[in-house]
Amino acid sequence: PELDVVVLSPEGRLAGNCICGIEAPSPESTGLIGFTDPLVVHPDFQRKGLAAALLLYGLEKLRLRGVRQVRLGTSSTNAGMRRAAEAAGFRCAARRAWYSKKV
């Protein structure tokens, strides 16, 4: 929780948040790996740069803890989050296929 970022509007409404953390080290990792996921912005506050601000602030908090690699995930249809991630320097490392079927 100490790495999480929460933004309130001037009226005290929840505008957005970013859950940040550090993954447990694995034998094959070369250093601490962080995550900034999920990151959400209330619809009333979208398209104002808040996602990018949350992401950049979360990245700085992780960097100060010694993290040198950060991961996040988003849907391929979430263009706003993809833009915010790319603007912050993230690159797409993997794609997944999701299947669904009405029954």
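Structure: see above.
The structure displayed is predicted, hence computed values, not measured ones.

Asks: Which residues make up the layout of surface pockets, and what values do they have?
Replies: By volume, the largest pocket is sized at about 900 Å³. Elements with a contribution of two residues or more to the lining of the largest pocket: strand E4 (69-71) and helix H2 (79-87). Tallied by class, the residues present in the lining of the largest pocket amount to 10 nonpolar, six polar and six charged. Secondary-structure elements contributing two or more residues to the lining of the second largest pocket are strand E3 (33-41), helix H1 (50-64) and H2. For the lining of the second largest pocket, the residue count by class is nine nonpolar, four polar and three charged.

Asks: I'd like a rundown of the pattern of salt bridges, residues and numbers included.
Replies: One pass over the structure, following the stated rule, counts four salt bridges. Among the salt bridges present, the one from Arg71 reaches Glu23, with a minimum N-O distance of 3.4 Å. One end of the pair, Arg71, is in strand E4; the other, Glu23, is in the loop between strand E2 (14-22) and E3, with 48 residues separating them in the sequence. Here Glu60 makes a salt bridge to Arg63, at a shortest N to O gap of 2.7 Å.

Asks: Hey, could you go over the environment of Ala93 for me, with residue numbers and the actual values?
Replies: Among the structural elements, Ala93 can be located in the segment after H2. By relative accessible area, which is 67% here, Ala93 ends up exposed. Here the alpha-carbon distance between Ala93 and Leu54, two residues 39 residues apart in the chain, equals 21 Å.

Asks: Can you explain the packing of H1 against H2? Please cite residues and give values.
Replies: At a minimum axis separation of 9 Å, H1 and H2 run at an interaxial angle of 45°. Between H1 and H2, the angle is such that the two are oblique. Crossing handedness for the pair H1 and H2: right-handed. Note on element contacts: H2 touches H1 through Met81, Ala84 and Ala85, opposite Ala51, Ala52 and Leu55. Counted by class, the contact of H1 with H2 contains six nonpolar, no polar and no charged residues.

Asks: Run through the side chain of Asn17, naming residues and quoting values.
Replies: In this fold, Asn17 is placed in strand E2. If sequence neighbours within four positions are ignored, Asn17 has contacts with Val5, Val6, Pro38, Leu39, Val40 and Leu54.

About the criteria used
Residues numbered from 1 in each chain as written. Predicted model: local features only at pLDDT ≥ 70, side-chain atom pairs only at ≥ 80, totals over all residues. Heavy atoms only, no water. 1 Å grid on protein atoms, 1.4 Å probe; cavity = no way out; pocket = protein on both sides within 12 Å on 5 of 7 lines; lining within 4 Å. Points joined across faces, edges and corners; volume = space filled by probe spheres on them. Helix = DSSP H or I, 4+ residues; strand = E, 2+ residues; numbered from the N terminus. Nonpolar A, V, L, I, M, F, W, Y, C, P; charged D, E, K, R; others polar. Salt bridge = Lys/Arg side-chain N within 4 Å of Asp/Glu carboxyl O. Buried < 20%, exposed > 50% of the residue type's maximum accessible area, 1.4 Å probe, protein only. Axes fitted to C-alpha atoms, helices over the stretch in contact; angles between N-to-C directions. Parallel < 35°, antiparallel > 145°, perpendicular 65-115°, else oblique. Left-handed = near helix turned anticlockwise from the far one by under 90°. Contact = heavy atoms within 4.5 Å.

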